[in-house]
Amino acid sequence: DVKVTQSSRYLVKRTGEKVFLECVQDMDHENMFWYRQDPGLGLRLIYFSYDVKMKEKGDIPEGYSVSREKKERFSLILESASTNQTSMYLCASSPDREKAFFGQGTRLTVV
Amino acid sequence: SQKIEQNSEALNIQEGKTATLTCNYTNYSPAYLQWYRQDPGRGPVFLLLIRENEKEKRKERLKVTFDTTLKQSLFHITASQPADSATYLCALDLTDRGSTLGRLYFGRGTQLTVWP
């Protein structure tokens with residue numbers, strides 16, 4: 001089975017900190033995605049990548065950046081964490097258009 | 001702008017009945033539509049995909065229909081069980097048809113509760 005692993009289940013950070021969320025997939029997928037999920041708003045795409053060192057902005061990229069130095073790893077960076085970035089963050093990978101595999105999520109709280 | 005609506009936030013049904021969840025969309029013609037299940041505190045899990053040229057897809061107790069004229073997908077769980085209780089998400093793939101990268105737009109989900 002495909003495994004998408006996010007480095008932390010729960011994270012608490014202070015306002016202004018630089019935060020790194022890591023995601024690793026073990027199935028050699030080309031495509032990787034970062035979403036955030038908030039009550040009443042559903043999943044919203046932050047950034048995605050279709051190849052090493054390639055990245056594209058999603059619908060809500062402001063305040064975030066990403067890094068993909070290796071095919072299996074896709075990192076989400078909060079440059080200066082703010083309280084409105086408190087959310088559930090979900091990483092996904094996919095080999096094609098026909099399904100996506102999600103990690104277990106990271107619940108980030110910014111205080 | 002694209003709008004995806006799932007019929008209700010919550011659906012409660014009795015064990016053994018058929019659960020029917022609705023996903024409606026406006027403005028676009030998706031090449032694919034997918035359904036996911038999400039349990040509390042977990043990531044979504046892929047269930048089924050249906051293509052724009054397909055009317056119906058089945059997998060065990062699950063059935064998905066896709067009506068591109070009505071811009072609607074129905075997701076059915078037959079002989080529902082308490083273990084089917086979860087949030088179900090529909091997702092539209094609006095990427096260009098020639099692309100290998102699928103960019104998904106998700107509905108907000110319907111929380112299904114199956115009671116004994």
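Here is what the cut-offs are and how they apply
- Residues numbered from 1 in each chain as written.
- Chains lettered and ligands numbered in written order.
- Predicted model: local features only at pLDDT ≥ 70, side-chain atom pairs only at ≥ 80, totals over all residues.
- Heavy atoms only, no water.
- Helix = DSSP H or I, 4+ residues; strand = E, 2+ residues; numbered from the N terminus.
- Rg over C-alpha atoms; globule rule 2.2 N^0.38 Å.
- Buried < 20%, exposed > 50% of the residue type's maximum accessible area, 1.4 Å probe, protein only.
- Contact = heavy atoms within 4.5 Å.
- pLDDT = per-residue confidence, 0-100.
- Phe/Tyr/Trp six-rings, centres within 6.5 Å; stacked < 30°, edge-to-face > 60°.
- Pairing = 2+ DSSP bridges.
- Axes fitted to C-alpha atoms, helices over the stretch in contact; angles between N-to-C directions.
- Salt bridge = Lys/Arg side-chain N within 4 Å of Asp/Glu carboxyl O.
- Buried area = accessible area lost by both parts, 1.4 Å probe.

## Remarks on the overall build of chain A
Move 1: When its secondary structure is counted, chain A shows zero helices and eleven strands.
Move 2: The helix and strand sequence of chain A, counted from the amino end, reads β-β-β-β-β-β-β-β-β-β-β.
Move 3: Relative to a compact globule of 111 residues, whose C-alpha radius of gyration would be 13 Å, chain A shows 13 Å and is just as compact.
Move 4: Dimensions along the principal axes, computed over C-alpha positions, put chain A at roughly 35 × 25 × 25 Å.
Move 5: Looking at chain A as a whole, 50% of its 111 residues are labelled buried.
Move 6: The contacts in chain A between residues at least 6 apart in sequence include a share of 53% that link residues at least 24 apart.

## A few points about the confidence of the model for chain A
Move 1: Overall, the prediction assigns chain A a mean pLDDT of 94, with 99% of residues at 70 or greater.
Move 2: Least confident of the elements in chain A is strand β6 (residues 56-57) of chain A, whose mean pLDDT is 92; most confident is strand β11 (residues 106-110) of chain A, at 98.

## A closer look at the packing of aromatic side chains
Move 1: Enumeration according to the criterion identifies twelve aromatic pairs over all chains in this entry.
Move 2: Through successive ring pairs, a cluster of aromatic residues spans A:Phe33, A:Tyr35, A:Phe48, A:Phe102, B:Tyr36, B:Phe46 and B:Phe106.

## Quick look at the sheet that holds strand β6 (residues 56-59) of chain B
Residue and element names in this part refer to chain B.
Move 1: Ordered by their spatial adjacency, five strands build an open sheet running β1-β3-β8-β7-β6, and the pairing between neighbours is antiparallel. Two strands lie at the open edges of the sheet, namely β1 (3-6) and β6, each paired on one side alone. Across this sheet, the average inter-strand angle for adjacent strands is 15°, counted without regard to direction.
Move 2: Of the strand pairs in this sheet, strand β7 (residues 62-67) and strand β8 (residues 72-77) are connected by six bridges, and their pairing is antiparallel. Bridging across to β8, Val 64 finds its partner in Phe 75.

## Here we look at the pattern of salt bridges
Move 1: In the structure shown here, the tally under the stated rule is 15 salt bridges over all chains.
Move 2: Of the charged contacts, one joins A:Asp59 and B:Arg103 as a salt bridge, the two residues approaching to 2.8 Å between their closest N and O atoms. Of this pair, A:Asp59 sits in the loop between β6 and β7 (64-70) while B:Arg103 is found in the loop between β9 (86-93) and β10 (104-106), placing the two residues in two different chains.
Move 3: Residue class for A:Asp59 comes out partly exposed when judged on its relative accessible area of 41%.

## With respect to the interface of chain B and chain A
Move 1: At the interface, 27 residues of chain B touch 25 residues of chain A.
Move 2: Taking both partners together, chain B and chain A bury about 2100 Å²; carbon and sulfur atoms supply 51% of that area.
Move 3: By the criterion of area lost to chain A, the three top residues of chain B are B:Leu101, B:Arg103 and B:Phe106, representing 28% of everything that side buries.
Move 4: The interface formed by chain B and chain A contains three salt bridges.

## Describing the environment of A:Leu11
Move 1: Structurally, A:Leu11 can be placed in strand β2 (residues 10-13).
Move 2: The sequence separation of A:Leu11 and A:Thr106 amounts to 95 residues, and the corresponding C-alpha distance is 7.1 Å.

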